[in-house]
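Each chain, letter by letter, is given below.
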Amino acid sequence: MSESSIREITLAKTRAERHQQVRDLFPTLDGTDCGFEGGRAAALRALARVDPAAYNRTRNHLNGKVSRLSPYFRHGVLTLAEAAHAAIKRSGSGAYKFVFELAWRDFWRRVWARDGDAIEADMERAKVRIGDAPLPKDVANAQTELACMDSFVRDLRETGYVHNHARMWFASYVVHHRKVSWKAAADWYYGELLDGDRASNHLSWQWVASTFSSKPYFFNRENLERYTDGALCAQCTKRNACPFDASYPALEKKLFGAEASLR
Amino acid sequence: MKILLVHDEMLNDTLPVFATSADAIRVFVLDPAFVASEGWTLKRIQFVIDCVAEMQNVRVFHGALADVCRELGATSLVTQSTPNHAIQQWLESLSPLTISWHDEPQFVDYEGRLSRFTAYWKSVAPQWFSEDVLIAENARGGSKLSRSASSVRGALRK
Ligand SMILES: Cc1cc2nc3c(=O)[nH]c(=O)nc-3n(C[C@H](O)[C@H](O)[C@H](O)COP(=O)(O)OP(=O)(O)OC[C@H]3O[C@@H](n4cnc5c(N)ncnc54)[C@H](O)[C@@H]3O)c2cc1C
């Protein structure tokens, strides 16, 4: 590339103008504004809103008081240590669960520092049979007709943010029900996330798949309904043919067959 | 000419590397090849640019990183360490320029094994919480510290 292809850019003052600058620089990319405000000031405002006690009680719920800080951590706008100190200062021991969750990010990052690109392949043997299918179009395009999964993909594509529990449900559906290669799914997911991070993303997919955990993660309809107040199931056209509507032993048998008992 | 390369994991000028390299020119590069290889969406680039816009004295370029360094007459480059191989490989294109990697801030001190989260957490939690708190947490709701990592999260499904 010649030196003339370099351009110094004076970033515009307003967000809308800056976003237009970005569109002009990358004309082949399309998409909408993610709704997340970048920058340290916005990160500190978001940190000030964290309520560790409410987080403790509600974090597994889709409407729970989660922090939405992950895009800031991913880009170094905020450090994990700053967030932990702030939460402990605010709530003392009540910040335990929040700091515990921050530690997951640190743990995955340390594994990445130790193993490098090896985290992009199976870390351990899978504890159940997993598949290697490519990501199906209906999944990527939010056209599975499962209201839950389609809504998680729409969140992902429109905002780049998905609640942790929804990421777990979605990854479990893709890997265990659709038998998609966790790596193919993780690569796609990584690109769409605003907090896309090889360690937290790829190792979480492996955690769900059971290639970096002692067992696969799967869930049933009762669990999903409980943490979504049934709102997604109520609007689902497949609510009478729901693939998650079963007991855990029945699901385990359906997903993993005879192998399930070998674990 | 010393350059402080601002990569996408250090979009915050209160990080220690900025204080230790006050004499360097701060540069952020939107390198189309790097952006494409990372598969960034438009919304991600917008977020990143909003972060950069708020930082002090950062010169922003669009183009290949090596060309930007050459154009600026870079003789050395400092940046923040990362396990991110994509960033490491991107900087390899600058060889033979001298690159100094400045440690990123740590969440905890830990040198132990990394086989399961639970063992790691058991070891580092005392850096954040007193023993009393840890004993109480352990006793509350089914001893979080003694469960396996997967059953802590697997418990969500119960
Ligand atoms: C399949 C899958 C893919 C994921 N991909 C990513 C990713 O690319 N980037 C990413 O940052 N996180 C990823 N996560 C972890 C987690 O889902 C997000 O960090 C979290 O949902 C971000 O939302 P929040 O900031 O509101 O989290 P909160 O619940 O408010 O948690 C606070 C912070 O703790 C950390 N954290 C919480 N849970 C986890 C976790 N399970 N693993 C690692 N860190 C955690 C995050 O830094 C988060 O910002 C993934 C999880 C799964 C199951």
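What you see is a predicted model, and the numbers here were worked out from it, not measured in a lab.

Novice: So what about the overall build of chain A? Which residues, and what values?
Specialist: For chain A, the count of helices and strands is 14 helices and one strand. Its C-alpha atoms give chain A a radius of gyration of 20 Å, near enough to 18 Å, the size a compact globule of 263 residues would have. Here the C-alpha coordinates of chain A stretch approximately 60 × 50 × 45 Å along the principal axes. In chain A, which comprises 263 residues, the proportion classed as buried is 56%. Restricting the contact set of chain A to residue pairs at least 6 apart, pairs at least 24 apart contribute 70%. For chain A, the centre of its 39 positive side-chain charges and the centre of its 32 negative side-chain charges are spaced 4 Å apart.

Novice: Explain the packing of helix α6 (residues 96–115) of chain A against helix α6 (residues 117–124) of chain B to me, using residue names and the numbers behind them.
Specialist: What describes two packed helices is the angle between their axes and the distance between those same axes. Running from N to C, α6(A) and α6(B) cross one another at 120 degrees; their axes reach a closest spacing of 10 Å. Between α6(A) and α6(B), the angle is such that the two are oblique. Where α6(A) crosses over α6(B), the handedness of that crossing is right-handed. Counted together, A:Tyr96, A:Val99, A:Phe100, A:Ala103, A:Trp104, A:Asp106, A:Phe107 and A:Arg110 of α6(A) and B:Phe117, B:Tyr120 and B:Trp121 of α6(B) form the full contact between these two elements. Here the residues of the contact of α6(A) with α6(B) are counted per class, giving nine nonpolar, no polar and two charged.

Novice: So what's going on with helix α5 (residues 85–92) of chain B? Which residues, and what values?
Specialist: One full turn of an α-helix is made of 3.6 residues, so residues set three or four places apart face in the same direction. All names here are of chain B. Along α5, the residues that are buried comprise Ile87, Trp90 and Leu91. Summarising the axial view, the buried residues of α5 lie within an arc of 95 degrees, below the 170-degree limit, and thus occupy one face. For α5, the secondary structure elements touched by its buried residues are β1 (2–5), β2 (25–30), α2 (32–38), α4 (65–72), β4 (76–80) and β5 (98–102). N-capping of α5 is provided by Asn84, with a side-chain oxygen placed 2.9 Å from the backbone N of Ala86.

Novice: Any chance you could break down the nonpolar core for me, citing the residues and the numbers?
Specialist: Counting residues in hydrophobic clusters, the biggest one holds 140 residues, and the most contacted among them are A:Met149 and B:Trp121. In terms of residue count, the dominant contributor to this core is α6(A) (eleven residues).

Novice: Which residues make up the pattern of salt bridges, and what values go with them?
Specialist: Inspection of the entire model under this criterion finds 28 salt bridges over all chains. A salt bridge links A:Glu101 to A:Lys97; its shortest N-O distance comes to 3.4 Å. Placement of both A:Glu101 and A:Lys97 in helix α6 is noted, with a separation of four residues, approximately one turn of the helix. Note on accessibility: A:Glu101 and A:Lys97 belong to one class, buried. A single salt-bridge network, built from bridges that share partners, covers A:Glu120, A:Lys183, A:Asp187, A:Arg198 and B:Glu38.

Novice: With reference to specific residues and values, describe the confidence of the model for chain B.
Specialist: Chain-level pLDDT for chain B is 88 on average; 89% of the residues reach the 70-or-more range. Here residues 142–158 of chain B scores under 50 on pLDDT; set against residues more than four positions off or in separate chains, the count is 54 contacts.

Novice: Requested: an account of the state of the cysteines, with residues and values cited.
Specialist: All names here are of chain A. Inspection of every chain in the model, using the stated rule, returns zero disulfides over all chains. The closest cysteine sulfur to the non-disulfide-bonded Cys236 is located on Cys148, 6.2 Å from its own sulfur. The class for Cys236 is buried, based on a relative accessible area of 7%.

Novice: Before we move on, could you go through the interface of chain B and chain A and cite the residues and values that matter?
Specialist: As a measure of interface size, the accessible area lost when the parts come together is often cited. If you look at the interface, chain B gives 70 residues, while chain A gives 94 residues. Of the roughly 7400 Å² buried where chain B meets chain A, counting both sides, 61% is carbon and sulfur surface. Taken together, the links from chain B to chain A amount to nine salt bridges. Of the charged contacts, one joins A:Glu124 and B:Arg116 as a salt bridge, the two residues approaching to 2.7 Å between their closest N and O atoms. Counting across the chain B and chain A interface gives 28 residue pairs in polar contact (both at pLDDT 80 or more). Counting only elements with at least two residues in the side of chain B that touches chain A, the list comes to α2, α3 (42–53), β3 (58–62), α4, α5, α6, α7 (131–139) and α8 (149–154) of chain B. Take the side of chain B that touches chain A: its biggest share by element is twelve residues, from α3(B). As defined by bridge partners, strand β1 (residues 7–9) of chain A adjoins β3(B) across three bridges and the pair is classed as antiparallel. Among the inter-strand pairings, A:Glu8 is bridged to a residue of β3(B), identified as B:Phe61.

Rules of the game
- Residues numbered from 1 in each chain as written.
- Chains lettered and ligands numbered in written order.
- Predicted model: local features only at pLDDT ≥ 70, side-chain atom pairs only at ≥ 80, totals over all residues.
- Heavy atoms only, no water.
- Helix = DSSP H or I, 4+ residues; strand = E, 2+ residues; numbered from the N terminus.
- Rg over C-alpha atoms; globule rule 2.2 N^0.38 Å.
- Buried < 20%, exposed > 50% of the residue type's maximum accessible area, 1.4 Å probe, protein only.
- Contact = heavy atoms within 4.5 Å.
- Lys, Arg positive; Asp, Glu negative; His and termini not counted.
- Charge placed at Lys NZ, Arg CZ, Asp CG, Glu CD.
- Axes fitted to C-alpha atoms, helices over the stretch in contact; angles between N-to-C directions.
- Parallel < 35°, antiparallel > 145°, perpendicular 65-115°, else oblique.
- Left-handed = near helix turned anticlockwise from the far one by under 90°.
- Nonpolar A, V, L, I, M, F, W, Y, C, P; charged D, E, K, R; others polar.
- Arc of directions from axis to C-beta.
- Polar contact = N/O pair within 3.5 Å; in protein donor to acceptor, adjacent residues only side chain to side chain.
- Core = buried A, V, L, I, M, F, W, Y, C linked by side-chain atoms within 4.5 Å.
- Salt bridge = Lys/Arg side-chain N within 4 Å of Asp/Glu carboxyl O.
- pLDDT = per-residue confidence, 0-100.
- Disulfide = S-S within 2.5 Å.
- Buried area = accessible area lost by both parts, 1.4 Å probe.
- Pairing = 2+ DSSP bridges.

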